[in-house]
Structure formats: structure tokens, C-alpha cells
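In case you want the letters, here they are:
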Amino acid sequence: WNHTWVKGLRSLILIISTLTGLAFAVGVALLQAQQSSGPVITVYKTASCGCCQKWVEHLRENGFKVKAVNRDDLPTIKAEHGVPKTLAACHTGLFDGYVVEGHAPADVIRRLLRERPEVRGIAVPGMPVGSPGMEGPHSQSYSILTFDDSGNTTVYEVR
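Structure report, in brief. The structure displayed is predicted, hence computed values, not measured ones.

1. Observations concerning the state of the cysteines
By the definition in use, this model includes 0 disulfides. With no disulfide of its own, Cys-51 lies closest to Cys-49 among cysteine sulfurs, the gap being 3.4 Å. Under the relative-accessibility criterion, Cys-51 is labelled buried at 11%. No disulfide involves Cys-90; its sulfur sits 3.6 Å from the nearest other cysteine sulfur, which is in Cys-52. On the basis of relative accessibility, which here comes to 16%, the residue Cys-90 falls in the buried class.

In C-alpha cells:
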């Protein structure tokens, strides 16, 4: 073998290995940036509510970036954002022009973002056992409702 040719081959292999490693590192960085730049939801809740914190954790585990804001005036927040009193729950989330009231599952929120219906938001009234943040041994069926600025509601999904 020609010593120069072997030396050139080694250099080429080193360059290819370096570029492959660099491409992999860039791909990982892009994936992490994409995951951390997902939807940002501002959640208004009380500091002492454990189920609200569990819902925040549910959202984070499902790729949402959450800004949790502890407030004592939740009825005011709900009224400012058009949540009908009949749909009120223990926390209110705001993102991308929509309101999420109560323990809505992350996949339903993503569906809302995908479909972009002409509604004010979605709500899971009350605190149904089995909804995210309200897990328990005996889950109950519950409805996720849409609501608009006129107070109209429709069933978006049943779990």
C-alpha cells in the first residue's frame, strides 16, 4: 500500500466521522429546541391547590411549557376571559387565544390547537375523578365542553 494513500484515507475517515458526529449533535439540539418551544400555557391557580399542581405537571409531562401563576382572585380571571360560571373549575389556563378551564387532558388541548375551532375555549367543569390531576381508583366519565363568547356550549369529547 502506498503510505500517502493510507494517510489520506485515514484523514477522510476522520473528517467523515467528525461531520457525522456534528450532524448528530445538531439534530439532537434541534429536537430539544423544538420540544422546549412547544405551546406555552399560563395557568392561574391558587398556591394551596394540589390538584392544580398535578394538572400543571401533566401538561409539562406532555410537552407543554407552563407558566403557573398563583392568584387568590380566580373568579375575576375567569370573568375576564369569558368562562361561564356554570363551567368554572379550580384553575384557568390561557394560551394562543384559547381558554382551558379545569382538568382538560393534554391531548385534547393539542386537538384544540390542531383543529382551531371558533370557540373561546374548552372546559372540564368541576373536578371529575379520573381527569388529569384528579386521578383516583374509581374514574368517572366526564365531558370536555367547548364554549363561545355567547355562552353556547357543546360537547367536544367524552372520557
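Structure shown, so let's carry the discussion forward.
2. Observations concerning the nonpolar core
Within the largest apolar cluster, 21 residues are counted, with the highest numbers of intra-cluster contacts made by Leu-59, Phe-64, Phe-95, Ile-109 and Ile-122. Secondary structure elements with two or more residues in this core: strand E1 (40–45), helix H2 (50–61), strand E4 (98–102), helix H4 (106–115) and strand E5 (121–124). Leave out the neighbours within four places in its chain, and Phe-95 touches Val-40, Ile-41, Val-100, Ile-109, Leu-112 and Leu-113.

3. Some remarks on the sheet that holds strand E7 (residues 153–158)
The mixed open sheet is built from 7 strands, whose spatial order is E2-E1-E3-E4-E5-E6-E7. Looking along the sheet, the strands with just one partner apiece sit at the ends: strand E2 (65–70) and E7. With direction set aside, neighbouring strand axes in the sheet form an average angle of 25 degrees. As judged from the 3 bridges shared by E1 and strand E3 (residues 92–95), these two strands associate in the antiparallel manner. Within E3, the residue paired with Val-43 across the bridge is Gly-93. Contacting E1, E2 and E4, H2 crosses the sheet at an angle of about 175 degrees to E1. The strands touched by H4 are E1, E3, E4, E5, strand E6 (143–147) and E7; relative to E7, the strand with the most contacts, the crossing angle is about 125 degrees.

4. A look at the pairing of E6
In terms of burial, E6 is largely enclosed, as 4 of its 5 residues are buried. Strand direction decides the pairing type here: E5 and E6, joined by 3 bridges, are antiparallel. In the sheet register, Ala-123 faces E6, and the bridge partner there is Leu-145. When E6 meets E7, the two strands line up antiparallel, connected through 5 bridges. Bridging from a neighbouring strand, Leu-145 pairs with Val-155 of E7.

5. Looking at H2
Here H2 spans 16 Å end to end across 12 residues, near enough to the 16 Å set by a 1.5 Å rise per residue. Those residues of H2 not exposed but buried are Cys-51, Cys-52, Trp-55, Val-56, His-58 and Leu-59. Looking down the long axis of H2, one finds its buried residues gathered within 155 degrees of arc, a one-sided arrangement. Here the buried face of H2 lies against E1, E2, E4 and H4. Directly after H2, the chain includes Gly-63, whose backbone phi takes a positive value near 90 degrees.

Each value, and the rule that gives it
- Residues numbered from 1 in each chain as written.
- Predicted model: local features only at pLDDT ≥ 70, side-chain atom pairs only at ≥ 80, totals over all residues.
- Heavy atoms only, no water.
- Disulfide = S-S within 2.5 Å.
- Buried < 20%, exposed > 50% of the residue type's maximum accessible area, 1.4 Å probe, protein only.
- Core = buried A, V, L, I, M, F, W, Y, C linked by side-chain atoms within 4.5 Å.
- Helix = DSSP H or I, 4+ residues; strand = E, 2+ residues; numbered from the N terminus.
- Contact = heavy atoms within 4.5 Å.
- Pairing = 2+ DSSP bridges.
- Axes fitted to C-alpha atoms, helices over the stretch in contact; angles between N-to-C directions.
- Expected span 1.5 Å × (residues − 1).
- Arc of directions from axis to C-beta.

As far as function goes, none of this settles anything; it's purely spatial.
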